2 protein chains.
Amino acid sequence: MAEIPTATLEDLVVACKRASRQVATLSTDAKNRALRAMADALEAHEAAILEANQRDLDGAAERGLSEAMTDRLTLTPERIARMADALREVASFADPVGEMAETRRRPSGIEVGRMRVPLGVIAMIYEARPNVTSDAAGLCFKAGNAVVLRGGSEAVHSNRAVAAALHEALEGEGGDPAAVTLVPTTDREAIKDLIRMSEHLDLVIPRGGEGLIRFVDEHSRVPVIKHYKGVCHLFVDETADLDVALDLLLDGKLSRPGVCNALETLLVHEAVAADFLPRAHRELAAHDAELRGDAATRRILGESVPEATEADYEAEFLAPIIAVRVVDGLDAALDHVATYGSQHTEVIATESVAAARRWVREVDASVVLVNASSRFSDGGELGLGAEIGISTTKLHAFGPMGLEALTTQKFVVHGAGETRHAVPPRAS
Amino acid sequence: MAEIPTATLEDLVVACKRASRQVATLSTDAKNRALRAMADALEAHEAAILEANQRDLDGAAERGLSEAMTDRLTLTPERIARMADALREVASFADPVGEMAETRRRPSGIEVGRMRVPLGVIAMIYEARPNVTSDAAGLCFKAGNAVVLRGGSEAVHSNRAVAAALHEALEGEGGDPAAVTLVPTTDREAIKDLIRMSEHLDLVIPRGGEGLIRFVDEHSRVPVIKHYKGVCHLFVDETADLDVALDLLLDGKLSRPGVCNALETLLVHEAVAADFLPRAHRELAAHDAELRGDAATRRILGESVPEATEADYEAEFLAPIIAVRVVDGLDAALDHVATYGSQHTEVIATESVAAARRWVREVDASVVLVNASSRFSDGGELGLGAEIGISTTKLHAFGPMGLEALTTQKFVVHGAGETRHAVPPRAS
């Protein structure tokens, strides 16, 4: 890939910013029409997209890309149809732009409200999955933003083919194709240049491995919304319904171990450990999952259970492995979560109102759950419609981010000539 | 001043973070009692605070600090009483922490709500005014946060005396004094160390000159909320009530020219320019204010009016000077604001519903006003209670920031054992 000079990159970003003014004022109908046209265009260009994808897959084979990475890179007619359907679904979502929060009259006489408005230009930095190109474009566009897309080198042909289809649709609807700008560069120095353009960009969202995210966070001069990892806990309280607790454990650990809202550590109240742990152990073993325990756990389950180390309590296994600790009560469980948690998703199984209330109030995480699986920590499941990313920093958004997180609010004031101070007497 | 090693600085910040867990769970009553105790302590230690302030003022005289800077640095019994009253006012505000946004039942059966929670640890980096020490401490504390305060070297003794009073009050109420941590350092390298502590800090708010703010923004690894300047416009539309427009102009430009929500540029529709500009010119001249105009303005007012340069349209004068441009309509006014505005505060004077609607929708600024003075762009006037700062970036907060902007929301989920996927069949 030929690299582009910074000046050229900046020209692209400036054109995207210019387009953002147009997108911000489009009517909901116009945005929905364009989104449906983008969906149709993806399907109409299926052959070209698959051909481009094949070139990326050939390259992946040459470069010895991992099987998991290659799977994420692969497009099929079904996956393209899902990308198109995702755009149609975004068209069906309520438009957050223009929503006015309650307007109040102030003592001065002015009326003050807050109007939801787009952020402006959002840069997405991502890897592998070409569906992010259309998913992110659709969500940013619906929220009235322009988007700069910078996908990974392994997916460069696929991303270009997808973007070409989106551009054709945008132009067909009279829109500025620069509203969806794919940056034709694959090297990290160019990312660095991009994420320093704080005059033109309003937000950067990196999605990918921890290395990419740390790189973006370290070099960005633009606000970054990110999350590194999910070290999620299930605490089985002394009052827990142990059948419920077991369901939550198996769903949280086994239904999809490779995702960030999977459980990594099980905390068990000492009063129910002797009852619960053998059942949990049997179930996990029956599903080929590994359990690593502290001394109390191993006293109950036997020395054949591997010892859980400090590193195990810090780990996001992304695999069917779970660390276990027996704790002497809610305080110890809260301390463990405060020490090892990643502010992502934390679950308690309890029948005690008091314990549930303390868990909800005191656990510092973006999603706290009582008697429900950690796997519900997801934009769709929580009712956000779709998810553009997840934030474990607390600024702007905390937790799964939907359309609303791609907007902000401005103050709108109506008056009848009110002034704040006595106006100096007019001379005339 | 002896500087402190980074390790010692980090110890202080870690202790502050530890204290933040305590502050986050305090009841509203406990927080209000502590705030009132802090207010009482400021008044009880008036003599010690004034004495410390005198040492700073002596230093300021030696170092030849400007008159404006020295005024900002000066404490008096009245100013200390105002600081105490501000803390009592914060005690009277509603507590944002714990507020639950509407809870909805999802198709899966879980109930999802959003709870307002503190951010954690906020670092304030500021200059000169010792009142920021107690104002920021009070607002952060009420919102359930701990705060790291780093004031300027010119106010170091005053800030220490104020902090000592606050600590005494906190301890008297059984609180951890580390919840309000004053960093005993005055050099910029230590600021750099501080704002890289992204493991411990959740937000940095710089308040001061543009140099300080750029320095913080450039070096911070923690999210920064900031605003550089306010280049605020008044557009007098062709349908404007010219008496109202004149009131807005004089209030906006003259009531306090040195603040960020003062007007800097007047845009006048060509249809009313010949009527409005001579009146505006006469009034401004009567108050010793200077007007700088474009060619059309000078055709109406005469060549004695200085020419407005490109630099004038970009300037935040912070003085009784205003740049003027005659525009041929709303579109040209919107373009001018998009080009030269600072996304701060923008005013239209109009009697046209259509023009007002377009102004409100299309102007990209944190506060947009119709027939009301730019000087209302202020946390207190807009109904936020108090103002900890103002943001002209769109992430997290846009515009004046009150208590709510010092909090975030987490998702709270209640269930009855719901799992996301069919749980693998239990072995038992």
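Residues numbered from 1 in each chain as written. Chains lettered and ligands numbered in written order. Predicted model: local features only at pLDDT ≥ 70, side-chain atom pairs only at ≥ 80, totals over all residues. Heavy atoms only, no water.

Looking at an unreviewed UniProt entry, one finds chain A named Gamma-glutamyl phosphate reductase, with Rubrivirga marina as its source organism. UniProt's Subcellular location (unreviewed entry) comment on chain A is quoted here verbatim: "Cytoplasm". (UniProt positions renumbered as here; feature names shortened; annotations may be inferred.)

Undergrad: Give me unusual backbone geometry: which residues, what numbers.
TA: The phi dihedral of Leu318 of chain A falls on the positive side, at around 55°, and the residue is not glycine. Examined against the element boundaries, Leu318 of chain A turns out to sit in the loop between α13 (310–314) and β10 (321–327). Judged by relative accessible area, which is 41%, Leu318 of chain A ranks as partly exposed. The backbone of Asp288 of chain B sits at a positive phi, close to 60°, despite the residue not being glycine. Along the chain, Asp288 of chain B falls in the loop between α11 (270–286) and β9 (290–293). (Helix = DSSP H or I, 4+ residues; strand = E, 2+ residues; numbered from the N terminus. Buried < 20%, exposed > 50% of the residue type's maximum accessible area, 1.4 Å probe, protein only.)

Undergrad: I'd like a description of the pattern of salt bridges, backed by residues and values.
TA: Should their charged atoms come close, side chains of opposite charge can pair. Taken as a whole and judged by the stated rule, the model has 48 salt bridges over all chains. Among the salt bridges present, the one from Lys192 of chain A reaches Glu189 of chain A, with a minimum N-O distance of 3.5 Å. Taken together, the positions of Lys192 of chain A and Glu189 of chain A, both in helix α8 (residues 188–194) and three residues apart, correspond to about one turn of that helix. According to the relative accessible area criterion, Glu189 of chain A is partly exposed, its value standing at 46%. The salt bridge involving Asp95 of chain B is made with Lys31 of chain B; its shortest N-O contact spans 2.9 Å. Of the two residues, Asp95 of chain B sits in the loop between α5 (77–92) and β1 (100–105) while Lys31 of chain B sits in helix α2 (residues 28–44), which places them 64 residues apart along the sequence. Of the two residues examined, Asp95 of chain B and Lys31 of chain B, each falls in the buried class. (Salt bridge = Lys/Arg side-chain N within 4 Å of Asp/Glu carboxyl O.)

Undergrad: Can you tell me about the interface of chain B and chain A, naming the residues and giving the values?
TA: In this assembly, 82 residues from chain B lie in contact with 82 residues from chain A. When the two sides are added together, the surface that chain B and chain A hide from each other amounts to roughly 6900 Å², 56% of it contributed by carbon and sulfur. Between chain B and chain A we count six salt bridges in total. Ionic pairing is found between Arg420 of chain B and Glu381 of chain A, a salt bridge with its closest N-O pair at 3.4 Å. On inspection of chain B and its partner chain A, the count reaches 37 residue pairs in polar contact (both at pLDDT 80 or more). The element best represented in the side of chain B that touches chain A is strand β15 (residues 407–418) of chain B, accounting for eleven residues. When the residues that make up the side of chain B that touches chain A are grouped by side-chain class, the tally is 38 nonpolar, 20 polar and 24 charged. (Contact = heavy atoms within 4.5 Å. Buried area = accessible area lost by both parts, 1.4 Å probe. Polar contact = N/O pair within 3.5 Å; in protein donor to acceptor, adjacent residues only side chain to side chain. Nonpolar A, V, L, I, M, F, W, Y, C, P; charged D, E, K, R; others polar.)

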